[in-house]
Every structure is written in structure tokens, then in C-alpha cells.
Amino acid sequence: KMSKVDAYTGSKNIDSIKVCLSCQGLGTLKQTDISTSIVREVECSRCQGEGVLGRVQKKEKSDAILFKEAGDRYLRRGDFGIAINKYNAALDLEPNQINAVANRALAYFQLSDYQNAEMDATFVIDQFGSKEETNPMYIRSLLRRGLARARLEQSQEKA
């Protein structure tokens, strides 16, 4: 007999499932009547015949997330200008994409655009506030802002 779980696992919309251990994913249990020795199949009461206890549906990624992820790929490749464009596109769609702002700060820094790097890093820091002192993004933004400010000071001293 095919497990009901097999029907779920073939779906592209299911990320993961939790198989019912009582019925091993079949949805039914064999029950024996002691007085008559008759064996019959009954619906599993734990999973209500589903064979699974839970299903996690995949969430469709928003366009903003897709642009942000594309920006991340370009950032890793060293294509900082394209990365900035992708982060800007993500922020046009969802202005609260704090990860896109934080990564755009790094891209600006790599292009020696220290003014914009400092502004983006400061924005991220302000969004977190001091209550998030241990958050890695907060710490990275502090570092990026400090480095950008140091480079800005160096360029002003040369001028």
C-alpha cells in the first residue's frame, strides 16, 4: 500500500513533512477485535488518516528578496556597481529590507564611496538601536561605519 506521505513528497510546494509514527505514514492502523479475532483497518486517530502530522509549505519569495539575493551574488563576485543596483531595486519594492541596506553599505565601501557607505551603515545602526548590541548585522554596520568615517577623514586630511 502506498503511503499518503509519498503523495505529499512529490509536491514542489512542500518543503518538509512530519510523518506520523503511529501509522508510519499510511493513515490507517490495523485493529484486532480480541473477542472475535477480526482484523480491520481503522483511521489513525493521531493524524486523522493523513499520514502526516504537519506540512510546511514553501513560501514564494517576493521580488524584493530576489533582487536582494541577486545583489548578494554580485557582491560576492566583486561586481559592486551591479550589486548596488540590485539592492536599490529591492529597496524600491520593500524599503524595510534592512539586509539590503547593510550589504549596499559594503558595496559602496568597496567602490570607495565612503559617504554613502557611512550613510547606509548609520541607517542600519539606527534601525537596531543599542538594544541589539549583539546582533551580527549591527556589529558589522558599526564596523563599516567606522571604516567609512576613517577613510573620509583621511581623504579630508589629504585635501
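Residues numbered from 1 in each chain as written. Predicted model: local features only at pLDDT ≥ 70, side-chain atom pairs only at ≥ 80, totals over all residues. Heavy atoms only, no water.

Considerations on the environment of Ala102
And step 1. Structurally, the position occupied by Ala102 is in helix α4 (residues 98-110).
And step 2. With relative accessibility at 3%, the residue Ala102 sits in the buried group.
And step 3. Placed 36 residues apart in sequence, Ala102 and Tyr138 show a C-alpha to C-alpha distance of 8.9 Å.
And step 4. Setting aside residues up to four positions removed in sequence, Ala102 forms contacts with Val124, Met137, Ser141 and Arg144. (Helix = DSSP H or I, 4+ residues; strand = E, 2+ residues; numbered from the N terminus. Buried < 20%, exposed > 50% of the residue type's maximum accessible area, 1.4 Å probe, protein only. Contact = heavy atoms within 4.5 Å.)

Topic: the pattern of salt bridges
And step 1. The tally for this structure, following the rule as stated, stands at three salt bridges.
And step 2. A salt bridge links Lys68 to Asp72; its shortest N-O distance comes to 2.5 Å. Here the residue Lys68 and the residue Asp72 both occupy positions in helix α2 (residues 63-77), the gap between them amounting to four residues, near one helical turn. Here the two residues Lys68 and Asp72 agree in accessibility, since each one is buried.
And step 3. A salt bridge links Asp120 to Arg104; its shortest N-O distance comes to 2.6 Å. Residue Asp120 is located in helix α5 (residues 114-128), and its partner Arg104 is located in helix α4; the two are separated by 16 residues in the primary sequence. Arg104 shares its class with Asp120; the two are buried. (Salt bridge = Lys/Arg side-chain N within 4 Å of Asp/Glu carboxyl O.)

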